[in-house]
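Descriptive structure summary
If you want the building blocks of each chain, they are given just below.
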Amino acid sequence: DKYTFGNVVGKSSKEPHMVLNQKKQEYYVGGSGAIARHLNSFVNKIDLISPMGNEIFYEKLIKKNFTRNIAKHFLIDKRFNSTIVKERFIDEVSGYKLFGSYILPEVRSSIIEKKIIKKIEQIKKDSDLIIITDYGHHFITRKIATKIINSKTFVAVNAQVNSSTQGYNSVENYIGANAIIINENELRQDTRDSVSDIKYLSKKFKKEKKINNLIVTMGKNGVILLDNFSKIYFCPAFAKKTIDKVGSGDAMLSIISLCLRLKLDPHLILFLGSLAASFSVESLGNKKSINFEDLDRSIEYMLK
């Protein structure tokens, strides 16, 4: 994730667009890398499988941000040698995002499908939990998804809808996963229903897709969890101020997946997940990661 800050000069005198006087740039590890960082203080070891470019700058950035318990399994291929970069342009005065510019290389994993499956087979034997974050960048094929879902390991999934995947990224490939996390907008888009009550829609979606645990995030309206028996649990949102919503879903996914794997009480699962999301939205993007000490301190403060 790349954030470019500056001051809005105004409208261009010759063309109908705004002009930004650029001041500084900041880079944060995003996507599946952010999830690995969120989890590194809660688990002994993390194996991260992801496509990656061969740029030295990003390699150094990752090395700086990753702890030793994160094992990197980056699939670098000369046919797609660019790292996925999502840049946001920010007005420094107001903090508003002006627009985004993405570098999305055509990563067609069918080219290296066998290599990915072989890597998964090697790692999953020693894994207690598999988290799939499908951002719709053509990295996870249906065959790869099926291979993971059919493993005996607990699998949690977030098949995300974003500006580059609207209309075609679906949870359909992940039927049979132990847990699927989806936001209300994604759920309504997948079901083609913009008006029905969210609880009714969630139950219908869960039944049709044969999902064991379904978590639906609703932004400022909180989050709901439907367990194996379709019983609904709710938790409100805890954030006092929202600076940036980017990465909040990944923070929640990280903690909730871990809690579901540990079979904690549903109320506690949602509480911890919502707390993690509140940490995330109170800072820019994936600048800060969740850690055990901060979460423990916040819980202690709330219980006083």
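Up top is the structure these notes are about.
Summary of the structure given here. Everything numeric in this text was worked out from a predicted model, so none of it was measured.

Attention now goes to the overall build of the protein chain. Across its full length, the protein chain carries 9 helices and 12 strands. Relative to the globule expectation of 19 Å for 304 residues, the C-alpha radius of gyration of the protein chain, 20 Å, shows essentially globular dimensions. Dimensions of the protein chain, computed from C-alpha atoms along their principal axes, come out at roughly 60 × 45 × 40 Å. Among the 304 residues that make up the protein chain, the fraction classed as buried is 50%. Contacts in the protein chain between residues far apart in sequence, at least 24 positions, make up 62% of those at least 6 positions apart. If you sum the accessible surface of the protein chain, you get close to 16600 Å²; carbon and sulfur atoms cover 51% of it. Averaged over its 48 positive side-chain charges, the protein chain has a centre that lies 3 Å from the centre of its 32 negative ones.

Moving on, we come to the sheet that holds strand E8 (residues 154–159). Within a sheet, adjacent strands bond to each other through the backbone by hydrogen bonds, running parallel or antiparallel. Pairing is mixed in the open sheet, where 6 strands are placed in the order E7-E8-E9-E10-E11-E12. At either margin of the open sheet sits one strand with a lone partner, and together these are strand E7 (129–134) and strand E12 (232–235). For this sheet, the mean inter-axis angle between neighbouring strands, taken without regard to orientation, is 15 degrees. Relative to E8, E7 runs parallel, the two sharing 6 bridges. When the bridges of E8 are listed, Leu129 appears paired with Phe154. Where helix H8 (residues 266–281) meets the sheet, it contacts strand E11 (223–226) and E12, and its direction lies at approximately 35 degrees from that of E12.

The two faces of E12 differ: Tyr233 and Cys235 on one face are buried, but Ile232 and Phe234 on the other face are not. Where E11 meets E12, 4 bridges bridge the pair, whose relative direction is antiparallel. Bridging from a neighbouring strand, Leu225 pairs with Tyr233 of E12. Connecting E11 to the next strand, E12, in antiparallel fashion are 5 residues, including Ser230 with a positive phi near 65 degrees.

What follows concerns helix H7 (residues 248–261). In this model H7 runs 20 Å from its N-terminal to its C-terminal C-alpha over 14 residues, within 8% of the 20 Å that 1.5 Å per residue would give. Within H7, the full set of buried residues consists of Ser248, Asp250, Ala251, Met252, Leu253, Ser254, Ile255, Ile256, Ser257, Leu258, Cys259 and Leu260. Lys263 sits one or two residues past H7 and shows a positive phi near 60 degrees.

Our next topic: the state of the cysteines. Under the criterion given, the structure shown has 0 disulfides. In this structure Cys235 is a free cysteine whose sulfur lies 12 Å from that of Cys259, the closest cysteine sulfur available. Owing to a relative accessible area of 6%, Cys235 belongs among the buried residues under this scheme.

A regular strand places its side chains on the two faces of the sheet in alternate fashion. Of the two faces of E11, the one holding Val223 and Leu225 and the one holding Ile224 and Leu226 are both buried throughout. Alignment of strand E10 (residues 213–217) against E11, held across 4 bridges, turns out to be antiparallel. In the strand pairing of E11, Ile215 is matched with Leu225. The loop that links E10 with its antiparallel partner E11 comprises 5 residues; one of these, Gly219, has a positive phi angle of about 60 degrees.

So, about helix H4 (residues 142–149). Three or more residues of H4 are buried, namely Ile144, Ala145, Ile148 and Ile149. Angularly, the buried residues of H4 cover 130 degrees about the axis, an arc narrow enough to put them on a single face. Residues of H4 that are exposed and angled more than 90 degrees away from the buried face: Arg142 and Lys143. Where H4 is buried, its residues contact helix H3 (113–124), E7 and E8.

Each value, and the rule that gives it
Within each chain, residue numbers correspond to sequence positions counted from 1 in written order. Residue-level local features of this predicted model are given only where pLDDT is at least 70; pairs of side-chain atoms are given and counted only at 80 or more, and the full residue set underlies all totals for whole chains, interfaces and linings. The basis for the side-chain values is all heavy atoms of the structure; hydrogens and waters are excluded. Where helices and strands are cited, they refer to DSSP runs of H or I of at least four residues and of E of at least two residues respectively, numbered from the N terminus. Two things to know: the radius of gyration comes from C-alpha atoms, and the globule rule equals 2.2 Å times the number of residues to the power 0.38. Burial classes: relative accessible area under 20% of the type maximum marks a residue as buried, over 50% as exposed, and values in between as partly exposed (1.4 Å probe, protein chains only). Two residues form a contact once any of their heavy atoms are found within 4.5 Å. In short, Shrake-Rupley with a 1.4 Å probe defines the accessible areas, and a residue's cover is counted only from the protein chains shown. For this count, His and the chain ends are skipped, Lys and Arg are scored as positive, and Asp and Glu as negative. To locate a charge, the coordinates of NZ of Lys, CZ of Arg, CG of Asp or CD of Glu are taken. The pairing criterion for strands is at least two bridges between them, as found by DSSP. In this description, a line fitted to the C-alpha atoms serves as the axis of each element, helices being fitted only across the stretch in contact, and the angle between N-to-C directions of two axes falls anywhere from 0 to 180 degrees. What a helix should span is 1.5 Å times the count of its residues minus one. Cysteine sulfurs are considered disulfide-paired once they come within 2.5 Å of each other. Summarising the geometry, the arc corresponds to the directions from the helix axis toward the C-beta atoms.

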